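# Residue-level structure breakdown
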Amino acid sequence: MSKRSFLRGAVLAAAAPLVPAAASAKSFSEPKWDRETDVVVLGYGGAGAAAAISAHDAGASVVIFEKLAEGGGNTAVSSGGVMIPNNEERAFQYLAKTYSFANSEIDEEQLRAFVKESMKTKEFLLSLAPDQKVYVYGYAGFQNIPEQDAIEKWRFRTPKGQKTRGGDMLFNNYRYAVETVRKIPVVYNARGLELIRENDEVKGVWVEIEGRREAVKARRAVILATGGYEFDQTMLSNYTMGKDFHQLGAPGNTGDGVRMAQAAGADLWHMNALSCPLGLVVPGLKTAFQINMLAASWFYVDQDGKRFGNEKADNHTGVYTVNVLDPIKHRYPRIPCYVIFDEKARQRGPIVGGATSGWAINREGYRWSRDNSAEIEKGVIVSAPTIEALAKKIGVPEENLRATLEVWNKDIAAGEDKAFGRPIQKKGKSSFEGREAPLISAPLDANGPYYAAKLVPTLLNTQGGPRRNQLGQVLDPFRRPIARLYSAGELGSMWGHIYQGACNNAEACVFGRIAGRTAAAEKPWG
Ligand SMILES: Cc1cc2nc3c(=O)[nH]c(=O)nc-3n(C[C@H](O)[C@H](O)[C@H](O)COP(=O)(O)OP(=O)(O)OC[C@H]3O[C@@H](n4cnc5c(N)ncnc54)[C@H](O)[C@@H]3O)c2cc1C
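Throughout, a residue's number is its position along its own chain's written sequence, starting from 1. Predicted model: local features are reported for residues with pLDDT of at least 70 only, side-chain atom pairs are reported and counted for 80 or more only, and whole-chain, interface and lining totals are derived from all residues. Here the side-chain values reflect all heavy atoms present in the structure, with hydrogen atoms and water set aside.

For the protein, an unreviewed UniProt entry supplies the name FAD-binding protein and the organism Sutterella seckii. The Cofactor (unreviewed entry) field of the UniProt record for the protein holds the comment "FAD". UniProt positions are given in the numbering used here, feature names are shortened, and annotations may be inferred rather than shown by experiment.

## Observations concerning the site of the ligand
As a structural note, the neighbourhood of the ligand is formed by 42 residues, with Glu 66, Thr 75, Asp 256, Glu 490 and Asn 505 the closest of them. N or O atoms within 3.5 Å of each other form a polar contact, as long as, within protein, one can give a hydrogen and the other can take it, and as long as residues adjacent in sequence are counted only when both atoms are side-chain atoms. Between a nitrogen atom of the ligand and a main-chain N or O atom of Lys 67, the distance comes to 3.1 Å. Here Gly 72 contributes a backbone N or O atom positioned 3.5 Å from an oxygen atom of the ligand. Burial of the ligand by the protein chains amounts to 97% of its free accessible area of 1,000 Å². Strands are runs of DSSP state E lasting at least 2 residues, helices are runs of H or I lasting at least 4, and numbering of each runs from the N terminus. The set of elements that each furnish at least two residues to the shell around the ligand consists of α2 (46-57), α3 (73-77), β7 (190-198), α9 (256-263) and α16 (503-520). Taken together, the residues that form the shell around the ligand break down as 14 nonpolar, 23 polar and 5 charged. We define proximity as follows: a residue is near a molecule or strand when any one of its heavy atoms falls within 4 Å of that partner. The protein chains shown are the only cover counted for residues, whose accessible areas, like all others here, come from Shrake-Rupley with a 1.4 Å probe. Nonpolar residues are Ala, Val, Leu, Ile, Met, Phe, Trp, Tyr, Cys and Pro. Charged residues are Asp, Glu, Lys and Arg, and all others, Gly as well, are polar.

## A word on the nonpolar core
Buried Ala, Val, Leu, Ile, Met, Phe, Trp, Tyr and Cys residues that are joined via side-chain atoms within 4.5 Å together make up what is termed a nonpolar core. Buried means the residue's accessible area, taken with a 1.4 Å probe over protein chains only, is under 20% of the maximum for its type, while exposed means over 50%, and partly exposed covers the values in between. Ranked by size, the top nonpolar core spans 67 residues in total, and within it Leu 95, Leu 111, Phe 114, Leu 125, Tyr 174 and Trp 495 carry the most contacts. Looking at this core, the element that brings in the most residues is α16, giving 10 residues. Leaving out residues up to four positions away in the same chain, Leu 125 has contacts with Val 82, Ile 84, Phe 156, Leu 170 and Cys 509. Formed by 33 residues, the second largest nonpolar core is a distinct cluster that contains Ala 218, Leu 236, Ala 266 and Val 474. Contacts between residues were defined by any pair of non-hydrogen atoms, one from each residue, lying within 4.5 Å.

## Things to note about the environment of Ala 508
Locating Ala 508 in the fold gives a position in helix α16. For the pair Ala 508 and Gln 473, spaced 35 residues apart in the sequence, the C-alpha separation amounts to 14 Å. Setting aside chain neighbours within four positions, we find Ala 508 in contact with Gly 46, Ala 47, Ala 50 and Gly 489.

## Describing the domain arrangement of the protein
Split into domains, the protein comes out as domain 1 (32-274 + 461-520) and domain 2 (278-426 + 437-459). The C-alpha-based centres of domain 1 and domain 2 are spaced at 33 Å. The partner domain 2 presents 25 residues to the 32 residues of domain 1 that form the contact. Buried surface at the junction of domain 1 and domain 2, both sides included, amounts to about 2,500 Å², of which 62% is carbon and sulfur. In terms of surface lost to domain 2, no three residues of domain 1 exceed Val 77, His 246 and Leu 248, which account for 27% of the buried area on that side. Just to be clear on terms, a salt bridge is a Lys or Arg side-chain nitrogen sitting within 4 Å of an Asp or Glu carboxyl oxygen. At the junction of domain 1 and domain 2, the tally comes to 2 salt bridges. Among the ionic pairs, Arg 363 bridges to Asp 168, the shortest N-O distance being 2.9 Å. Put simply, domain 1 and domain 2 have 14 residue pairs in polar contact (both at pLDDT 80 or more) between them. What marks off one domain from the next here is an automatic or database domain assignment. Here the quantity called buried area is the accessible surface, traced with a 1.4 Å probe, that two parts lose on coming together, added over both.

## Quick look at unusual backbone geometry
Look at the link from Ile 335 to Pro 336: it is a cis peptide, with omega at 0°. Locating Pro 336 in the fold gives a position in the loop between α10 (318-322) and β16 (337-342). Backbone torsion omega between Gly 448 and Pro 449 reads 10°, so that peptide bond is classified as cis. In this fold, Pro 449 is placed in the loop between α15 (398-413) and β18 (450-459). Even without being glycine, Asn 103 reaches a positive phi, approximately 60°.

## Describing the side chain of Thr 254
Among the secondary structure elements, Thr 254 is positioned in the loop between β10 (246-247) and α9. What makes Thr 254 buried here is its relative accessible area of 16%. Within the structure, Thr 254 has its side chain in polar contact with the side chain of Asp 256 (distance 3.0 Å).

## Let's talk about α2
The end-to-end C-alpha separation of α2 is 16 Å, in line with the 16 Å expected for 12 residues at 1.5 Å each. Those residues of α2 not exposed but buried are Gly 46, Ala 47, Gly 48, Ala 49, Ala 50, Ala 51, Ala 52, Ile 53, Ser 54 and Ala 55. Gly 59 occupies a position one or two residues after α2 and carries a positive phi of about 105°. Multiply 1.5 Å by the residue count of a helix minus one, and that product is the helix's expected span.

## Details of the pattern of salt bridges
Tallying each qualifying case throughout the model produces 34 salt bridges. Put simply, Asp 417 and Arg 307 hold a salt bridge, and the shortest N to O gap is 2.8 Å. On the criterion of sequence distance, the pair formed by Asp 417 in the loop between α15 and β18 and Arg 307 in the loop between β15 (298-301) and α10 is long-range, its members being 110 residues apart. Lys 344 serves as the salt-bridge partner of Asp 342, at 2.9 Å between the closest nitrogen and oxygen. By relative accessible area, Asp 342 is classed as buried at 0%. It is possible to trace a salt-bridge network through shared partners that takes in Lys 67, Arg 191, Asp 232, Asp 256 and Arg 259.

## Some remarks on the packing of aromatic side chains
Any Phe, Tyr or Trp ring, taking Trp's six-membered ring, that has another such ring centre within 6.5 Å forms a pair; planes under 30 degrees apart are called stacked, those over 60 apart edge-to-face, and the others tilted. If you walk through the whole model with that rule in mind, you get 13 aromatic pairs. Each ring, one from Tyr 44 and one from Phe 171, has its centre 5.0 Å from the other, and the planes form 70°; the classification is edge-to-face. Residue Tyr 44 is found in the loop between β1 (35-42) and α2, and its partner Phe 171 is found in helix α7 (residues 166-181); the two are separated by 127 residues along the sequence. Per residue, the accessibility class of Tyr 44 equals that of Phe 171, and both read buried. Here the aromatic residues Tyr 44, Phe 171, Tyr 174 and Tyr 188 are joined through ring pairs into a cluster of three or more. Here, a charge over a ring means that NZ of Lys or CZ of Arg falls within 6 Å of the ring centre while also lying within 35 degrees of the ring normal. Here the guanidinium or amino end of Arg 155 rests over the ring plane of Tyr 137, the centre of that ring lying 3.8 Å away. When the ring centre of Phe 124 is taken as origin, the NZ or CZ atom of Arg 513, which lies over that ring, is 4.8 Å away.

Have a look at this one:
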């Protein structure tokens, strides 16, 4: 055999299942079923809703079980952005590039299925509820990647006179399509516990409903749409780097779907991939706030009082800029880090910007004060009359913080951030086209008062979980589908370290639809 044909053989062997389907016939003691349906959907966020809609429309009976007392998950507190490509092939080329430089695993077949189905997303969104409008609010997150103009970010337009925004608009429309139009039953306070299997086939699921354990039979399939593991600190410490993780989203996402899929033999992927900006913690709240400075006169420093990067680089990957572990001094010198700003920046507006998304705002009802004064009172922001006094208050070396301020002010006044290349003005295709681009870097005032606030990693979502294929089937480590088990959404997301933005809602919508209709096409087992 030539070396070439041997290698080709090896590649083929790797693509095919390496071991035969397991033949062990463990005895199946069928439980007494408390309920039954064709397709069980666990989790009622965007992915669960889209899966239920498409399974129902393909002719299956469906029941959704949601762990919390209300549906929506991260979807309903998100910004509601959904990536929809304007060109299938060019969007594929762009998105494929986001994997390679980060060394994240790509499944090209799955990505092709995603962009193909995405071309129908606008039509699907508009079909959810009557009289809705969608609009483009943004473009590719990485303008320096070729074919970037194939990417558009869309969301529902809030009707005149209404206040509902972003994720709530998106989820309200899903809810209308699920509950009002299709009358699909949704059971709340119902937590999926463990899959019920016979040999290697999923037959149903144990669900805890209001504290009672029920066996739910799934004649065709179970679809896991339980979100990520943002709220499981043990999983975060085992699968990712960093510490002091806080969350911006829904507290039901504790990794249940990962464990259920693992117990059924699923392979895991993208476990170390996070969508995670830096943000602030307000004592007494369950969830945190993403930092979003409205002014230009600010920078970040580490625990040594030194800047460590371009603070305006991609937002979703904020965590990667602070994930530096110092094994000699036994610390993460950038967790926490600090935002340093001046009086103009304090007065300019909330240091969390005009945020409208997130659990803290939309479910815990916290309103950040316009001039940041309430947060100064709470100690979230500290102030001092001089930069040296500020350094003392936050415990960083005074001489370093003073030097950092001097260099920043000198370089920015001269028109260039020599240290890290943070632009002076906003760049890229944006809604300000035709007008002067906003200033994003400016010197701080020569005199105090100065302000500082502690920043930690604040998760939008995790990406990892059970690996699925282009049909939404959950795969085992040998890439064999686990019979009658499907998944969708951020649980086992297709996205790696580098995340384009608006693609998690898009994936939930697309793979919800794909998994729903494939699951509905399964032959009932009983
Ligand atoms: C503040 C914020 C803003 C964001 N903005 C955007 C954006 O604009 N665009 C974008 O693409 N992405 C955005 N994201 C990310 C995106 O919202 C999520 O990744 C996406 O909504 C995931 O959808 P999902 O259906 O997979 O999960 P979710 O919407 O989180 O739904 C999962 C559901 O499963 C339930 N559940 C968990 N365990 C169980 C169990 N054992 N049994 C039953 N139910 C269970 C949960 O309670 C939850 O309701 C944002 C995230 C946050 C937090």
